[in-house]
Amino acid sequence: MRCPFCSSENTQVKDSRQAEDNSAVRRRRLCAQCGGRFTTFERVQLRELTVIKKSGRRTPFDRDKLARSVMIALQKRPVETDRVEQMISGVVRQLESIGQADITSDQIGTLVMEGLARLDDVAYVRYASVYKDFRATQDFETFIESEKLQPDMEQSDKEEE
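Analysis parameters
- Residues numbered from 1 in each chain as written.
- Predicted model: local features only at pLDDT ≥ 70, side-chain atom pairs only at ≥ 80, totals over all residues.
- Heavy atoms only, no water.
- Helix = DSSP H or I, 4+ residues; strand = E, 2+ residues; numbered from the N terminus.
- Expected span 1.5 Å × (residues − 1).
- Buried < 20%, exposed > 50% of the residue type's maximum accessible area, 1.4 Å probe, protein only.
- Contact = heavy atoms within 4.5 Å.
- Core = buried A, V, L, I, M, F, W, Y, C linked by side-chain atoms within 4.5 Å.
- Phe/Tyr/Trp six-rings, centres within 6.5 Å; stacked < 30°, edge-to-face > 60°.
- Pairing = 2+ DSSP bridges.
- Axes fitted to C-alpha atoms, helices over the stretch in contact; angles between N-to-C directions.
- Parallel < 35°, antiparallel > 145°, perpendicular 65-115°, else oblique.
- Left-handed = near helix turned anticlockwise from the far one by under 90°.
- Nonpolar A, V, L, I, M, F, W, Y, C, P; charged D, E, K, R; others polar.

**Remarks on the environment of Gly-35**
And step 1. Locating Gly-35 in the fold gives a position in the loop between strand 2 (24-31) and strand 3 (37-43).
And step 2. Each C-alpha atom of the pair Gly-35 and Cys-6 lies 9.6 Å from the other, and the pair is 29 residues apart in sequence.

Here it is, written out as structure tokens:
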């Protein structure tokens, strides 16, 4: 493993443990050359996935890009990192188990929406606003009504006090 600080290939594993509901291995590493410490994650990859965008363009699937979009939707929300990682890993496993190397961006979006709906309503609506391309405030209202999302009455009562 190449050191991210000095690019030396002489690094040592100092600690390994299971992570993300036993679907990954977390390794703490030390660079013998510069002394830098960093963490790597090892995950099983069943197949190379290619994403077919709405424009028809094809790009390699990027788990980190998926994680970034989920984290943007969850920004400032009270959801534990472990639950988020489990949800992302679950989406990736579902995509890999489809049995096809080519997946559409719609398939990814649908699975992420299902995962976010179970994690956090606000993040779910945030992600939907981008995924479904909301153009006006009426789009939010229509979506919330169609999904039968209820406002948190307890929170509303506290804000009024």
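After that view, the rundown keeps rolling.
**Some thoughts on helix 2 (residues 81-97)**
And step 1. For helix 2, which comprises 17 residues, the first-to-last C-alpha distance of 24 Å matches the rise-based estimate of 24 Å (1.5 Å per residue) to within 8%.
And step 2. Taken together, the buried positions of helix 2 are occupied by Val-84, Glu-85, Met-87, Ile-88, Ser-89, Gly-90, Val-91, Val-92, Leu-95 and Glu-96.
And step 3. Those residues of helix 2 that are buried lie in contact with strand 3, helix 1 (63-73), strand 6 (102-104) and helix 3 (105-119).
And step 4. One or two steps after helix 2, the chain reaches Gly-99, where phi turns positive at roughly 95°.

**A word on unusual backbone geometry**
A negative phi angle is the norm for most residues apart from glycine, just as the trans form is the norm for most peptide bonds.
And step 1. Phi angles above zero are rare outside glycine, and Ser-7 is one such case at about 70°.
And step 2. Secondary-structure assignment places Ser-7 in the segment before strand 1 (11-19).
And step 3. Judged by relative accessible area, Ser-7 falls into the partly exposed class, the value being 43%.
And step 4. Within the chain, Asp-133 stands out as a residue other than glycine whose phi angle is a positive 60°.

**Describing the nonpolar core**
And step 1. Counting residues in each nonpolar core, the largest one holds 30 residues, and the members touching the most others are Phe-61, Leu-66, Val-70 and Leu-116.
And step 2. Where this core is concerned, the elements lending two or more residues are helix 1, helix 2, helix 3 and helix 4 (121-131).
And step 3. The contacts of Leu-66, once residues within four sequence positions are left out, are Phe-61, Ile-88, Val-91, Val-92, Ile-108 and Val-112.

**Some remarks on the packing of aromatic side chains**
Each pair of aromatic rings is reported with the distance of its centres and the angle of its planes.
And step 1. Counted according to the given criterion, the structure contains 5 aromatic pairs.
And step 2. Ring geometry for Phe-5 versus Phe-38: centroids 6.4 Å apart, planes at 75°, classification edge-to-face. Of this pair, Phe-5 sits in the segment before strand 1 while Phe-38 is found in strand 3, placing the two residues 33 residues apart along the sequence.
And step 3. Look at Phe-38 and you get buried, because its relative accessible area is 9%.
And step 4. Ring geometry for Tyr-124 and Phe-143: centres 5.4 Å apart, planes at 50°, overall tilted. Note that Tyr-124 is positioned in helix 4 and Phe-143 in helix 5 (residues 137-146), a separation of 19 residues in sequence.

**Some remarks on the sheet that holds strand 2**
And step 1. Pairing is antiparallel in the open sheet, where 3 strands are placed in the order 1-2-3. Every interior strand has two partners, whereas the edge strands, strand 1 and strand 3, have only one. Taken over all neighbouring pairs, the strand axes of this sheet differ in orientation by 25° on average, direction set aside.
And step 2. Bridge count for strand 2 against strand 3 is 7 bridges, and the pairing is antiparallel. Looking across to strand 3, one finds that Arg-26 is bridged to Phe-41.

**Let's talk about the packing of helix 1 against helix 2**
And step 1. Running from amino to carboxyl end, helix 1 crosses helix 2 at an angle of 135°, the nearest separation of the two axes being 11 Å. Taken as axis vectors, helix 1 and helix 2 run oblique relative to one another. For the crossing formed where helix 1 meets helix 2, the hand is right-handed. Contacts between helix 1 and helix 2 pair Arg-63, Leu-66, Ala-67, Val-70 and Met-71 from the former with Val-84, Glu-85, Met-87, Ile-88, Ser-89, Val-91 and Val-92 from the latter.
And step 2. In terms of residue class, the contact of helix 1 with helix 2 is made up of 9 nonpolar, 1 polar and 2 charged.

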